[in-house]
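Spelled out, the chains give:
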Amino acid sequence: MRIFTSILLLLALGAYFFPVENLKKNALEKDLPLVIFENPTMYTLNEKNVNRVVVATHAVKYQDRDEMFNADIILKNNDLSKNFDSEKLKADLIVKKADIYTLTNNVDYRRDDFIKLNTDELIYDDIKKIAQNSKPFKSVYQKHILNGNSVFLDINNNFITAKNTHFEIDMTKTQKGKK
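Keep in mind it's a predicted model, so treat the numbers as computed, not measured. (Residues numbered from 1 in each chain as written. Predicted model: local features only at pLDDT ≥ 70, side-chain atom pairs only at ≥ 80, totals over all residues. Heavy atoms only, no water.)

### Considerations on the pattern of salt bridges
Right, so step 1: Considering all chains together, one arrives at 6 salt bridges under this definition.
Right, so step 2: In this structure, the salt-bridge partner of Arg 65 is Glu 67, at a minimum N-O distance of 2.9 Å. Taken individually, Arg 65 and Glu 67 each receive the classification buried, so the pair is uniform in this respect.
Right, so step 3: Members of the salt-bridge network, linked through shared partners, are Arg 52, Asp 126 and Lys 129. (Salt bridge = Lys/Arg side-chain N within 4 Å of Asp/Glu carboxyl O. Buried < 20%, exposed > 50% of the residue type's maximum accessible area, 1.4 Å probe, protein only.)

What follows is the structure in structure tokens.
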């Protein structure tokens with residue numbers, strides 16, 4: 001009886017000093033949303049004007065990211081040296097971590113009437129003003145058609161590169177300038 005009681009006492013002490021954690025519960029608690037918005041329209045303001053407008057069917061804010069569903073984002077140009085009004089990002093899902101937007105499914109990027117880009121994936125860096133992807137895309141660049149397999153847009157320097165590209169030039173636009 002003493003041996004049995006001693007073993008039970010040792011097991012009880014062992015259980016006391018070595019707690020068992022529920023790892024699944026902790027993993028779920030870490031990724032719980034902080035705030036959930038239904039049909040939000042969100043504005044980002046600076047001292048002079050509105051510089052970002054977000055419209056979505058759902059938006060979920062987590063500790064380390066924001067997820068926006070069926071979202072439209074309008075980024076206003078605040079740099080007077082650049083000759084455009086706004087950039088528009090639209091996708092079925094947009095995940096924002098810091099200043100990096102990852103757009104997936106039915107992505108539509110527009111910069112005024114200068115460039116229109118449609119693809120299934122786009123990564124947009126709002127600080128460096130660079131948009132890139134590794135999926136097929138279709139775009140219109142100043143009424144010229146540009147299609148390819150991956151694209152890199154440096155918006156600050158008006159620089160575009162693409163792989164496996166097919167470019168169709170609208171000759172009526174180029175002929176008007178030569179009269």
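### A look at the packing of aromatic side chains
Right, so step 1: Counting across every chain of the model gives 3 aromatic pairs.
Right, so step 2: Ring centres of Tyr 101 and Tyr 124 lie 6.2 Å apart, and the angle between their planes is 50°; this geometry places the pair in the tilted category. In this pair, Tyr 101 is assigned in strand β7 (residues 100-111) and Tyr 124 in strand β8 (residues 115-125), connecting sequence segments 23 residues apart. We note that Tyr 101, like Tyr 124, is buried.
Right, so step 3: Ring geometry for Tyr 109 and Tyr 124: centres 6.3 Å apart, planes at 35°, overall tilted. Here the residue Tyr 109 occupies a position in strand β7, and Tyr 124 occupies one in strand β8, the gap between them amounting to 15 residues. (Phe/Tyr/Trp six-rings, centres within 6.5 Å; stacked < 30°, edge-to-face > 60°. Helix = DSSP H or I, 4+ residues; strand = E, 2+ residues; numbered from the N terminus.)

### Here's the deal with helix α1 (residues 2-17)
Because each turn of an α-helix spans 3.6 residues, side chains separated by three or four positions end up pointing in the same direction.
Right, so step 1: Here α1 contains 16 residues, and its C-alpha end-to-end distance of 23 Å stays within 8% of the 22 Å for a straight helix at 1.5 Å per residue.
Right, so step 2: In terms of residue burial, α1 counts as a barely covered element, since only 0 of its 16 residues are buried. (Expected span 1.5 Å × (residues − 1).)

### Brief notes about a nonpolar patch on the surface
Right, so step 1: Residues Met 1, Ile 3, Phe 4, Ile 7, Leu 8 and Leu 11 make up a contiguous nonpolar surface patch of about 720 Å² in total accessible area.
Right, so step 2: Tracing the chain through its elements places Leu 8 in helix α1. (Patch = residues over 30% accessible without salt bridge, like charges linked within 9 Å, V, L, I, M, F, W, Y side chains within 5 Å. Areas by Shrake-Rupley, 256 points an atom, 1.4 Å probe, with all protein chains shown as cover.)

### As for unusual backbone geometry
Of all residues except glycine, most have a negative phi; of all peptide bonds, most are trans.
Right, so step 1: Within the chain, Gln 142 stands out as a residue other than glycine whose phi angle is a positive 50°.
Right, so step 2: By the secondary structure assignment, Gln 142 is in the loop between β10 (137-141) and β11 (144-148).
Right, so step 3: Notably, Lys 143 is not glycine yet its phi reads approximately 70°, a positive angle.
Right, so step 4: As for its placement among the helices and strands, Lys 143 is situated in the loop between β10 and β11.
Right, so step 5: Take Lys 143: its relative accessible area is 61%, and that puts it in the exposed class.

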